[in-house]
Amino acid sequence: MTNYEITPAAAFTQLLMGNHPGAIAWVKGSEQYPDLSGAVKFYHTSYGGVLVEAEIFGLPNISQPGSSNFYAMHIHDSGDCSDHFSHTGLHYNPGNALHPEHAGDMPPLLGNQGYAFSVFYDKRYSIQEVIGRSVIIHAKPDDFTTQPAGNAGDKIACGTIEWTV
């Protein structure tokens, strides 16, 4: 590989292929969506940010052939996924920014007949800062406007972000 071909994307691809995330949230669906599950992985990068990989199965549009729907995904303050995810708090927002500028605002998931795969790079937080918080998937897409959380609908899945061993 020549120097002009070495890009962050090449480094990110190597991280994903090595499959050694620094942290992971095992996401599980609510009682209404018991088949919803997956993992959101957080990788340390040499660029000072975090590479996030989400692979989610069993999203609500799974039974609709050819369907494609967006679902909001956020990091919330608390990792307590009990009691119908009612204790997860607000979006992780250490800078007191307006929505959608919260550190916990993530790109939406694009569910294709129940399956979503997403990878993105984020420099708004470190892995250390999000340990013990939760990843939440919502029933609707984030409208990127409504305060304080984007009118994303019910919390349909939750996972606590934990260090990997």
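Residues numbered from 1 in each chain as written. Predicted model: local features only at pLDDT ≥ 70, side-chain atom pairs only at ≥ 80, totals over all residues. Heavy atoms only, no water.

J.: Explain the nonpolar core to me, and be specific about the residues and the numbers.
T.: Formed by 28 residues in total, the largest nonpolar core has its most connected members in V40, F42, I56, M73, M106, Y125 and I137. Among the elements that make up this core, the one with the highest residue count is strand 3 (residues 50–57) (4 residues). Not counting chain neighbours up to four residues away, the residues in contact with I137 comprise V27, L36, I56, L59, Y71, A72, M73, L109, D154, K155, I156 and A157. (Core = buried A, V, L, I, M, F, W, Y, C linked by side-chain atoms within 4.5 Å. Buried < 20%, exposed > 50% of the residue type's maximum accessible area, 1.4 Å probe, protein only. Helix = DSSP H or I, 4+ residues; strand = E, 2+ residues; numbered from the N terminus. Contact = heavy atoms within 4.5 Å.)

J.: Account for the side chain of T45, with residues named and values stated.
T.: Mapped onto the fold, T45 is located in the loop between strand 2 (37–44) and strand 3. One polar contact links the side chain of T45 to the main-chain amide nitrogen of Y47, over a distance of 3.2 Å. Setting aside residues no more than four positions away along its own chain, T45 makes contact with F12, L15, V50, L51 and Y121. (Polar contact = N/O pair within 3.5 Å; in protein donor to acceptor, adjacent residues only side chain to side chain.)

J.: How would you explain unusual backbone geometry if you had to name every residue and give the values?
T.: Here the bond from H99 into P100 is cis, since omega is 10 degrees, no more than 30 degrees from zero. Mapped onto the secondary structure, P100 falls in the loop between helix 2 (82–85) and strand 6 (109–112). The linkage connecting Q147 with the following residue, P148, adopts the cis geometry, with an omega of 5 degrees. Take P148: it is sitting in the loop between strand 8 (134–138) and strand 9 (155–163). Positive phi, normally seen in glycine, also occurs at F85, with a value near 65 degrees. By secondary structure assignment, the location of F85 is in helix 2. The residue N96 is not glycine, and still its phi comes out positive at about 50 degrees. Here N96 shows up in the loop between helix 2 and strand 6.

J.: Break down the packing of aromatic side chains for me, with residues and values.
T.: According to the stated counting rule, one finds 3 aromatic pairs in the structure shown. Geometrically, the ring pair formed by F57 and Y115 is tilted, given 5.3 Å between the ring centres and 50 degrees between the ring planes. In this pair, F57 is assigned in strand 3 and Y115 in the loop between strand 6 and strand 7 (116–122), connecting sequence segments 58 residues apart. The partly exposed category is assigned to F57, whose relative accessible area is 40%. Linked through ring pairs, F12, Y47 and Y121 together constitute an aromatic cluster. (Phe/Tyr/Trp six-rings, centres within 6.5 Å; stacked < 30°, edge-to-face > 60°.)

Any link to function would need more than the numbers given here.
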